[in-house]
2 protein chains.
Amino acid sequence: MRMAELSRESGVPVATIKYYQREGLLPPGELTSPNQARYGAAHVRRLKLVRALLEIGGLSIAAVGEVLAAIDDSGTSTHGILGLAQHGLPMAKLEVTAEDRAWAMGRIGETARRRGWDVHPESPVVESLLGVLCALRQVGHEWVLDALDRYAEAADSVAEADVTAVARLGTTEAVVEGAVVGTVLGDALFAALRRMAHAQVSRRQFTG
Amino acid sequence: MRMAELSRESGVPVATIKYYQREGLLPPGELTSPNQARYGAAHVRRLKLVRALLEIGGLSIAAVGEVLAAIDDSGTSTHGILGLAQHGLPMAKLEVTAEDRAWAMGRIGETARRRGWDVHPESPVVESLLGVLCALRQVGHEWVLDALDRYAEAADSVAEADVTAVARLGTTEAVVEGAVVGTVLGDALFAALRRMAHAQVSRRQFTG
């Protein structure tokens, strides 16, 4: 197909497709004349993946480039690609004191031990969790962490279902797109369900 | 205490305190002369609550005013106040077609029935959940909803712990502040834990 059809098929404007090409996010088409190229189904798939990573995942152009490079490097394991997709996702960060950091790492370590999780202190996910713990402490609401093990158990249950489902999606591109969409929209899904459950529990506990 | 001390004690700048007073978020102090007023511990507590609602909860000034009015109206139940605090929280919304809406309400109804939840279709929480379901459908990732019951079960488990803990906080103001902080930072806490669990499950499933 020509560029115009690629744009229709993928729903991405021509100017945007050309921008992605300049940034190396989309391989060139097969040249059929000096000014014309032909594109295939692989280009449509790749464009949809790029859109999902940028718009749903909120990844930067550079982070998308890294994820795509990992996909195209046949030596990268599924675990490695999922890790890259995850680490590119935007996560809250917070400046914390050394004392707060030590306290938070202690709490995280205890919970991780009880759940059998490895903790990689250099991981952005650990850094993000650490920021949340310190924020709770700074605003004087450490009591939330009394339920840390219950939260971790719930997270484990959901994550098991997520990873099992995403692994079944088939192609590497589908798995990566699924991981990003599932991670980001899964957060929103859980947040909304938790609020519904709050309303129900509150109704039960506080009304007649 | 005088205004300057109220500012030091609460960590809120004088100009901001005056702005809150003009917006009706903070009751006037007791006048000791035409130009001077005295403030008490109740003012400090109220200021901290206003800050939590605005900065952590992301509520609008108008929404904060409604929550405070409910607190001050002795006829409002704890359940009613928690509902107001929750409904003031920012939630994602999405334009959806009537067909998508009907489909999403069907899915929500089934899951709610299995969990024994009431569904109030006019509630902003239901609207937000509905938006997430429709977003998943629009991007072609409905498979995430295969785990909807598992997500709902996890949300129930966490919400039970949340509401029980928050109810123990004592004063109505502490309960409201706790509900907002716990809801908003609880989202971030769960999201970070879910990513840690993803990494662990992926490691187990995809590496040797």
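Remember, it's a predicted structure, so these values are computed and weren't measured experimentally.

## Quick word on the environment of B:Leu133
For B:Leu133, the location among the structural elements is in helix α7 (residues 124-138). Counting along the chain gives 33 residues from B:Leu133 to B:Asp100, while the straight-line C-alpha distance between them is 8.8 Å. If near-sequence neighbours (up to four positions away) are discounted, B:Leu133 is found in contact with A:Leu189, B:Trp103, B:Ala104, B:Arg107, B:Ile108 and B:Leu145.

## What to know about the environment of A:Asp149
All names here are of chain A. Positionally, Asp149 belongs in helix α8 (residues 148-167). Judged by relative accessible area, Asp149 falls into the partly exposed class, the value being 28%. A sequence separation of 34 residues divides Asp149 from Arg115, and the C-alpha atoms of the two residues are 8.3 Å apart. Setting aside anything within four residues of it in sequence, one finds Asp149 in contact with Thr111 and Arg114.

## Description of the nonpolar core
Counting residues in each nonpolar core, the largest one holds 88 residues, and the members touching the most others are A:Leu189, A:Leu193, B:Leu189 and B:Leu193. For this core, the secondary structure elements donating two or more residues are α6 (98-115), α7 (124-138), α8 and α9 (172-206) of chain A together with α6 (98-115), α7, α8 (148-167) and α9 (172-206) of chain B. If sequence neighbours within four positions are ignored, A:Leu193 has contacts with B:Trp117, B:Leu129, B:Leu148, B:Tyr151, B:Ala152 and B:Ala155.

## Concerning the domain arrangement of chain A
Residue and element names in this part refer to chain A. For chain A, the assigned domains are domain 1 (1-89 + 169-208) and domain 2 (91-156). If you average the C-alpha positions of domain 1 and of domain 2, the two centres end up 28 Å apart. Across the contact, four residues belong to domain 1 and five residues belong to domain 2. Across the interface of domain 1 and domain 2, roughly 360 Å² is buried in total on both sides, 58% from carbon and sulfur atoms. On the domain 1 side of the contact with domain 2, His87, Leu89 and Arg194 bury the most area, a combined 75% of that side's loss.

## What to know about the interface of chain B and chain A
Frequently, the measure chosen for interface size is the accessible area that the parts lose on association. Facing the 74 residues of chain B at the interface are 74 residues of chain A. Together, the buried faces of chain B and chain A total about 7,100 Å²; carbon and sulfur atoms form 71% of this surface. Among the residues of chain B in contact with chain A, B:Trp143, B:Arg195 and B:Met196 are the three that bury the most area, contributing 11% of the side total. Linking chain B with chain A are 10 salt bridges, by the criterion used here. When residues of the side of chain B that touches chain A are traced back to their parent elements, those giving at least two are α5 (78-88), α7, α8 and α9 of chain B. In terms of residues, the side of chain B that touches chain A owes the most to one element, α9(B), which gives 27 residues.

## Here's the deal with the UniProt feature "domain: HTH merR-type" (unreviewed entry) in chain A
In the UniProt entry, the feature "domain: HTH merR-type" (unreviewed entry) is given for residues 1-70 of chain A. Between the C-alpha atoms that bound residues 1-70 of chain A there is a distance of 27 Å. The span itself is 61% helix and 10% strand.

## What to know about the relation of the copies chain B and chain A
By a simple turn and slide, chain B fits onto chain A: the slide is 0.0 Å along the axis, the RMSD is 0.1 Å, and the turn is 180°. Taken together, the rotation and translation describe the operation of a two-fold axis. In terms of C-alpha distance to the rotation axis, chain B has B:Ala154 as its closest residue, with the C-alpha 2.4 Å off the axis. Interface residue correspondence from chain B to chain A reaches 100%, placing this contact among same-surface, isologous pairings.

## Quick notes on the pattern of salt bridges
A pair can form between side chains of opposite charge whenever their charged atoms are brought close. Scanning the model with the defined rule gives 26 salt bridges over all chains in all. The partner of A:Arg203 in a salt bridge is B:Asp118, with the nearest N and O atoms 3.2 Å apart. Here B:Asp118 lies in the loop between α6 and α7 and A:Arg203 lies in helix α9, a pairing that spans two chains. Look at A:Arg203 and you get buried, because its relative accessible area is 19%. Judged by its relative accessible area of 39%, B:Asp118 is partly exposed. Between B:Glu173 and B:Arg45 there is a salt bridge, with the nearest N and O atoms lying 3.6 Å from each other. Of the two residues, B:Glu173 is situated in helix α9 and B:Arg45 in helix α3 (residues 41-56); the sequence distance between them amounts to 128 residues. Salt bridges sharing common partners tie together A:Glu99, A:Asp100, A:Arg137 and A:Glu142.

The rules behind the values
Residues numbered from 1 in each chain as written. Chains lettered and ligands numbered in written order. Predicted model: local features only at pLDDT ≥ 70, side-chain atom pairs only at ≥ 80, totals over all residues. Heavy atoms only, no water. Helix = DSSP H or I, 4+ residues; strand = E, 2+ residues; numbered from the N terminus. Contact = heavy atoms within 4.5 Å. Buried < 20%, exposed > 50% of the residue type's maximum accessible area, 1.4 Å probe, protein only. Core = buried A, V, L, I, M, F, W, Y, C linked by side-chain atoms within 4.5 Å. Domains from an automatic or database assignment. Buried area = accessible area lost by both parts, 1.4 Å probe. Salt bridge = Lys/Arg side-chain N within 4 Å of Asp/Glu carboxyl O. UniProt positions renumbered as here; feature names shortened; annotations may be inferred. Least-squares fit on C-alpha atoms with pLDDT ≥ 70 in both.

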